[in-house]
Structures are given as C-alpha cells and as structure tokens.
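Structure at a glance
Listed below, chain by chain, are the residues.
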Amino acid sequence: MSGHSKWATIKRKKGAADAARGKLFSRLIREITIAAREGGGDPGANARLRVVVDKARASNMPKDNIENAIKRGTGELEGMIFEDRTYEGYGPGGVAVFVETQTDNLNRTVAEVRHVFSKYDGSLGTTGSVAFMFTRKGQFIIAKSAVAEDKLMELAIEAGAEDVITEDPESYEILTAPEDYIAVLKALADANIPMESNEMTMLPVSTVKVTGKDAERVLKMMDAFDELDDVVNVYANFDIDEE
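The rules behind the values
Residues numbered from 1 in each chain as written. Predicted model: local features only at pLDDT ≥ 70, side-chain atom pairs only at ≥ 80, totals over all residues. Heavy atoms only, no water. Helix = DSSP H or I, 4+ residues; strand = E, 2+ residues; numbered from the N terminus. Rg over C-alpha atoms; globule rule 2.2 N^0.38 Å. Buried < 20%, exposed > 50% of the residue type's maximum accessible area, 1.4 Å probe, protein only. Contact = heavy atoms within 4.5 Å. Lys, Arg positive; Asp, Glu negative; His and termini not counted. Charge placed at Lys NZ, Arg CZ, Asp CG, Glu CD. Polar contact = N/O pair within 3.5 Å; in protein donor to acceptor, adjacent residues only side chain to side chain. Pairing = 2+ DSSP bridges. Axes fitted to C-alpha atoms, helices over the stretch in contact; angles between N-to-C directions. Salt bridge = Lys/Arg side-chain N within 4 Å of Asp/Glu carboxyl O. Parallel < 35°, antiparallel > 145°, perpendicular 65-115°, else oblique. Left-handed = near helix turned anticlockwise from the far one by under 90°. Nonpolar A, V, L, I, M, F, W, Y, C, P; charged D, E, K, R; others polar. Expected span 1.5 Å × (residues − 1). Core = buried A, V, L, I, M, F, W, Y, C linked by side-chain atoms within 4.5 Å.

Side note on the overall build of the protein
Per the secondary structure count, the protein includes eight helices and ten strands. In summary, the protein has a C-alpha radius of gyration of 18 Å against a globular reference of 18 Å for 243 residues, a match within 12%. Along the longest, intermediate and shortest principal axes, the C-alpha atoms of the protein span 50 × 45 × 35 Å. When burial is assessed residue by residue, the protein has 44% of its 243 residues classed as buried. Taking as baseline every contact in the protein between residues at least 6 positions apart, the subset at least 24 positions apart corresponds to 72%. Here the protein carries 30 positive and 42 negative side-chain charges, and the mean point of each set is 5 Å from the other.

Written out as structure tokens, the structure reads:
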C-alpha cells in the first residue's frame, strides 16, 4: 500500500463527503484564484487555470462561482489573496511528507501544519528536506469499465503519456511528465473518456515500509492534514500492507 497511489484512492472515496461539506468547492475556488492571478484569466492561455477549471466543472461547481474566482484572481473583483506554500517533514517510522497549501494567513497555516506533525510523532523540516524524495508527474485514474485497455493504451501513448499502469483490478493509472499533462488531458477529453481523477501529483522516488502502530499513526496523520482547510494536497512515501 504505497503513499502515492493508495492514499489517492482513499481521498477519492472521501470526495463525496468533502463535496457535501463544501470543502471541495472552497479548495477549487482557491486554486482557480491563484492560477488566474499568476497566469491570467484565459484558460486557453493558462494551462494551470484550464486544469482546475476542468476539475471545477467536473465537480458541478456553478459557472458563476468559477467566473467570480477567476475575476478575483485577475483583480476584477475584490477578495482575499491566497498564496501557495509547501511544507516538508517526517512522520512516524521516518516517512517523508510533502504538504501543499494555499493560504491567506501564513502564521495560521504553519502553526496548523506543525501541530499535525507533532501530534503524530513527526517533525516539520526545512524547505528541501524531503522534496528530493519525490518527482512531479501528471496522473489520471480511469475506471476499467469506461474504456478498453488497448484503446486507452494507444490514445495515451500517442498523446505523450509515459506509462499506463493496469495492475489495479478496477482502474487504470496514466502517468505523464508535467509538460505532457495538458496534451494527455485534452486527448482523453476529446475521446469522451470519463476520468475518476486527474491531477499533478508528487510520486515518491522510493518508499518506506511501516507497520503496526506506526502505520496507524501515518494514516491518521495523513487524514489530519487532509482535514485542514488550507491543505490542498499531502504526499508521503509510506508502504503499508493492505491488511
């Protein structure tokens, strides 16, 4: 049970609950605002904005919410200013943890992140302390019932995907280099292939085996990070047995 894939599965199962709480929409609005502020309000010319707008539409976010978030990012509407910040550290059993946040209050965010590390016997590190243990990739998860394997393989590879992983009995996993993410996303969308998720993610270069109480604390720590309003993504390099 590796941190980069199984935790993503856990998060997808929690997605409905997040949406019910409004948490998913809040996170997407922050992402849209930041993307528009940094790259402009035209999704056609701003790849990061296009990706998050596609996510928002797939999550049934109202059109007005999306447009207002873009306008806040470009300065056409007033609103809170959010910043991207990452935090790195170690969890139980020496597991490396990389936390991505979007915040309007840096003091609050770092205090909350430090508290979670401390609560679960971890420690907040310095910038760069664990980042080298991960590599950024585009990741797509597609149900096997949605498309035939040979068709998906051909389409994904032609669009620039690095790999199509078929080991999971229920879904395919497509991995891309960051620069090829948009091309693969467009190819899948143009072919009307439904995606369970699509995102830029951080995959561990190697994993750390954890068992027993350490394994329990790692999963509780990951859940605690995910519950923080300012946290957008959390990645770890744990390897835990399915049972």
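A short note on the side chain of R27
Looking at where R27 falls in the secondary structure, it is placed in helix α2 (residues 23–39). Under the relative-accessibility criterion, R27 is labelled buried at 10%. Among the polar contacts listed, one links the side chain of R27 to the backbone oxygen of L228, at a separation of 3.3 Å. Once residues lying within four places of it in the same chain are set aside, the contact partners of R27 are Q102, D226, L228, D229, V231 and V232.

Examining the sheet that holds strand β1 (residues 83–90)
One open sheet holds the four strands; their spatial order is β3-β1-β2-β9, and the pairing between them is antiparallel. Unpaired on one side and paired on the other, β3 (123–124) and β9 (231–236) mark the two borders of the sheet. As paired strands, β1 and strand β2 (residues 96–103) are joined by eight bridges and run antiparallel to one another. What sits directly across from Y87, in β2, is V99. Its contacts with the sheet place α2 against β1, β2 and β9, and it is angled at close to 75° to β2.

Quick look at the pattern of salt bridges
Here the structure, examined in full by the defined rule, presents 17 salt bridges. Notably, a salt bridge pairs K186 with D190, separated by 2.7 Å at the nearest N-O pair. Of this pair, K186 and D190 both sit in helix α7 (residues 181–190), four residues apart, which is roughly one turn of that helix. Look at K186 and you get partly exposed, because its relative accessible area is 41%.

Brief notes about the packing of helix α5 (residues 106–119) against helix α8 (residues 212–227)
A pair of packed helices is captured by two measures, namely the crossing angle of their axes and the spacing between those axes. The interhelical angle for the contact between α5 and α8, taken along N-to-C directions, is 165°, at an axis separation of 9 Å. Overall, the two elements α5 and α8 adopt an arrangement that is roughly antiparallel. Every pair of crossing elements has a handedness; the one defined by α5 and α8 is right-handed. For the pair formed by α5 and α8, the contact residues are V113, V116 and F117 on the first element and M221, A224 and F225 on the second. Here the residues of the contact of α5 with α8 sort into six nonpolar, no polar and no charged.

Topic: helix α3 (residues 47–58)
For α3, with twelve residues, the first-to-last C-alpha span of 17 Å sits near the 16 Å given by 1.5 Å per residue. Looking only at α3, the buried set comprises L49, V51, V52, V53 and A56. The elements touched by buried residues of α3 are α2, α4 (63–74), α7 and β7 (197–204). Between the side-chain oxygen of the N-cap and the backbone nitrogen of R48 there are 3.2 Å, and the N-cap of α3 in question is N46. With its phi angle positive at about 65°, N60 sits one or two positions after the end of α3.

As for the nonpolar core
In this structure, V97, F225 and F238 are the most contacted members of the largest nonpolar core, which totals 21 residues. Take this core: its biggest share by element is six residues, from α8. With 18 residues, the next largest nonpolar core counts V51, I142, A156 and A187 among its residues.

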